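Single-letter residue listing:
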Amino acid sequence: SMASPALLMRVVASAYSVAEKAATIVRNVMSAGDLGIVEKAGPNDLQTKADRLVQMSICASLARKFPKVTIIGEEELPTDDVTEDLIEDGHCEEILKKPCPAQYTGIKEEELVIWVDPLDGTKEYTEGLLDHVTVLIGIAYGGKAIAGVINQPYYNYEAGANAVLGRTIWGVLGMGAFGFQLTEAPAGKHIVVTTRSHSSALVNECIAALKPDHVIRVGGAGNKIIQLIEGKASAYVFASPGCKKWDTCAPEAILHAVGGKLTDIRGNSFQYNKEVKHMNSAGVLATLRNYDYYASRIPNTVKESLVP
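Owing to the predicted nature of the structure, the values given are computational and were not obtained by experimental measurement.

**Student:** Summarise the packing of helix H1 (residues 7-32) against helix H2 (residues 49-65); cite the residues concerned and give the values.
**Tutor:** Helix-helix packing: each pair is described by the crossing angle between the helix axes and the interaxial distance. Packing of H1 against H2 brings their axes to within 9 Å, and their N-to-C directions diverge by 160 degrees. As judged from the angle between their axes, H1 and H2 are roughly antiparallel. Considering the relative orientation of H1 and H2, their crossing is right-handed. Contact residues: Ser 14, Ala 15, Val 18, Lys 21, Ala 22, Ile 25, Val 26 and Val 29 in H1; Lys 49, Ala 50, Leu 53, Val 54, Ser 57, Ile 58, Ser 61, Leu 62 and Lys 65 in H2. The residue inventory of the contact of H1 with H2, partitioned by class, reads eleven nonpolar, three polar and three charged.

**Student:** Tell me what's going on with the pattern of salt bridges, and back it up with residues and numbers.
**Tutor:** Scanning the entire structure with this criterion turns up ten salt bridges. Arg 167 is the partner of Glu 230 in a salt bridge, and the nearest nitrogen-oxygen pair spans 2.7 Å. Within this pair, whereas Glu 230 is found in the loop between helix H6 (221-229) and strand S11 (235-238), its partner Arg 167 is found in strand S7 (residues 167-172), the two being separated by 63 residues in sequence. Summarising the burial analysis for this pair, Glu 230 and Arg 167 share the class buried. In this structure, the salt-bridge partner of Arg 289 is Glu 184, at a minimum N-O distance of 2.9 Å.

**Student:** Give a detailed account of the pairing of strand S6 (residues 144-152), specifying residues and quantitative values.
**Tutor:** With eight of nine residues buried, S6 is to be regarded as a mostly interior element. Sheet topology note: the strand S5 (residues 134-141)/S6 ladder contains seven bridges and is antiparallel. Within the sheet, the bridge partner assigned to Ile 137 lies in S6 and is Val 149. Once S5 ends, the chain turns through two residues before running back antiparallel as S6, passing Gly 142 with a positive phi of about 60 degrees. Sheet analysis places S6 next to S7, joined by six bridges and oriented antiparallel. By the bridge assignment for S7, Ile 150 is matched with Ile 169.

**Student:** Break down the packing of aromatic side chains for me, citing the residues and quoting the values.
**Tutor:** In total, this model carries seven aromatic pairs according to the counting rule given. A ring pair is formed by Tyr 154 and Tyr 157, whose centres lie 6.2 Å apart and whose planes are at 70 degrees; its orientation type is edge-to-face. Under the relative-accessibility criterion, Tyr 157 is labelled partly exposed at 27%. Taking the centre distance of 6.4 Å and the plane angle of 65 degrees together, the rings of Phe 270 and Tyr 272 count as edge-to-face. Overall, the relative accessible area of 7% leaves Phe 270 in the buried class. What makes Tyr 272 buried here is its relative accessible area of 0%. Three or more aromatic residues joined by ring pairs make a cluster, and in this case those are Trp 115, Trp 246, Phe 270 and Tyr 272. Seen from the ring of Phe 178, Lys 98 lies directly overhead, with NZ or CZ sitting 4.5 Å from the centre. Its end group placed over the ring of Tyr 155, Arg 167 keeps NZ or CZ at 3.8 Å from the ring centre.

**Student:** Which residues make up the layout of surface pockets, and what values do they have?
**Tutor:** What the largest pocket holds in volume is close to 640 Å³. If you list the elements that add at least two residues to the lining of the largest pocket, you get strand S2 (45-47), strand S4 (112-120), helix H4 (122-126), H6, S11 and helix H7 (245-257). Taken together, the residues of the lining of the largest pocket sort by class into eight nonpolar, ten polar and 14 charged. Counting the residues that make up the lining of the largest pocket, at least three belong to each of domain 1 (7-178) and domain 2 (191-305).

**Student:** Report on the UniProt feature "binding site: Mg(2+)" (unreviewed entry) in the protein, specifying residues and quantitative values.
**Tutor:** Using the residue numbers shown here, the UniProt feature "binding site: Mg(2+)" (unreviewed entry) corresponds to Glu 74, Asp 117, Leu 119, Asp 120 and Asp 247. Judged by maximum C-alpha separation, these annotated positions cover 174 residues in sequence but sit close together in space, the widest gap being only 9.7 Å. Looking only at the residues we just named, the largest pocket is lined by Glu 74, Asp 117, Leu 119, Asp 120 and Asp 247. Structurally, Asp 117 is set in strand S4. The exposure class of Asp 117 is buried, given its relative accessible area of 1%.

**Student:** With reference to specific residues and values, describe the sheet that holds strand S9 (residues 191-195).
**Tutor:** Strand order in the open sheet formed by five strands is S10-S9-S11-S13-S12, and the pairing between neighbours is mixed. A single partner strand is all that each edge strand has here, and the edge strands are strand S10 (214-218) and strand S12 (261-263). With strand direction ignored, the average angle separating the axes of adjacent strands in the sheet is 20 degrees. Across three bridges, the pairing between S12 and strand S13 (residues 284-287) is antiparallel.

**Student:** Summarise the domain arrangement of the protein; cite the residues concerned and give the values.
**Tutor:** Domain parsing of the protein yields domain 1 (7-178) and domain 2 (191-305). Computed over C-alpha atoms only, the centres of domain 1 and domain 2 are separated by 21 Å. Each partner contributes residues to the interface: domain 1 has 40 residues there, and domain 2 has 30 residues. Contact between domain 1 and domain 2 buries roughly 2600 Å² in total, counting both sides, with carbon and sulfur atoms accounting for 65%. Applying the counting rule to domain 1 against domain 2 returns three salt bridges. At the boundary of domain 1 with domain 2, the tally comes to nine residue pairs in polar contact (both at pLDDT 80 or more). Elements with a minimum of two residues in the side of domain 1 that touches domain 2: strand S3 (70-73), S4, H4, S5, S6, S7 and strand S8 (176-178). Broken down by element, the side of domain 1 that touches domain 2 gets its largest block of residues, eight residues, from S6. In terms of residue class, the side of domain 1 that touches domain 2 is built from 19 nonpolar, twelve polar and nine charged.

What counts and how
- Residues numbered from 1 in each chain as written.
- Predicted model: local features only at pLDDT ≥ 70, side-chain atom pairs only at ≥ 80, totals over all residues.
- Heavy atoms only, no water.
- Axes fitted to C-alpha atoms, helices over the stretch in contact; angles between N-to-C directions.
- Helix = DSSP H or I, 4+ residues; strand = E, 2+ residues; numbered from the N terminus.
- Parallel < 35°, antiparallel > 145°, perpendicular 65-115°, else oblique.
- Left-handed = near helix turned anticlockwise from the far one by under 90°.
- Contact = heavy atoms within 4.5 Å.
- Nonpolar A, V, L, I, M, F, W, Y, C, P; charged D, E, K, R; others polar.
- Salt bridge = Lys/Arg side-chain N within 4 Å of Asp/Glu carboxyl O.
- Buried < 20%, exposed > 50% of the residue type's maximum accessible area, 1.4 Å probe, protein only.
- Pairing = 2+ DSSP bridges.
- Phe/Tyr/Trp six-rings, centres within 6.5 Å; stacked < 30°, edge-to-face > 60°.
- Lys NZ or Arg CZ within 6 Å of the ring centre and 35° of its normal.
- 1 Å grid on protein atoms, 1.4 Å probe; cavity = no way out; pocket = protein on both sides within 12 Å on 5 of 7 lines; lining within 4 Å.
- Points joined across faces, edges and corners; volume = space filled by probe spheres on them.
- Domains from an automatic or database assignment.
- UniProt positions renumbered as here; feature names shortened; annotations may be inferred.
- Buried area = accessible area lost by both parts, 1.4 Å probe.
- Polar contact = N/O pair within 3.5 Å; in protein donor to acceptor, adjacent residues only side chain to side chain.

Following this line, the structure appears as structure tokens:
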């Protein structure tokens, strides 16, 4: 008889289905027309009905299946009174069939931490920049991001009425990443992707120092990592303290699974154990290839301004 799949593969397979359910909720809230926007810390820090419903759906669905896993979501919400229609208990069969990388076969539930960003790119979502929006479920073990799911609910939304809407990208360290076509940025071109709505003098100073051929300004950390793995940008640079562990966990796992690298702006790795502070106060530097080229060009003045 076949051994039952390792816990990690069961968690990833469930996270895949949970993310697809989340995408449906995101699309339904948008098409119903009432986004229920709340300002959190200000006009660039928004929460919508989709953020709230999706987080409840993801956290409750995964907690029900994996009760001893620590799940940390962006929004501060009550965990009780989640209605049954928000629960997803399916899983992706294809993921369960893949062998778990040997170093992760013995993991126990209580050793995993799941970081959830229910709707990454909320501001863009409220402004109709729908391709910027992602749902992020990152899985950490021993403080490291080891697996992740990124769902793009509106992938293909400009491709016409018959296009299949949305896609789910997933990856596991030691196995690779799936659901997209891995592409490298044009050789010799320095294309930097950075923040759209959280710019600052420091952000711009850092980018200028890299002397990029082109700068792409988009919302969402998930979206920026997709730009890297699909070859549209060569580096993701954010010299500011704005992003959090739930923004980077899933994207980092997927990027690392295909040989890329994501650190803070000073080159330090992120830690994802449940005790860590949520803020990535020293920014983000990420590439699919040529990490050292970009890291070596970050000005010291920028590094000194951003304390981990």
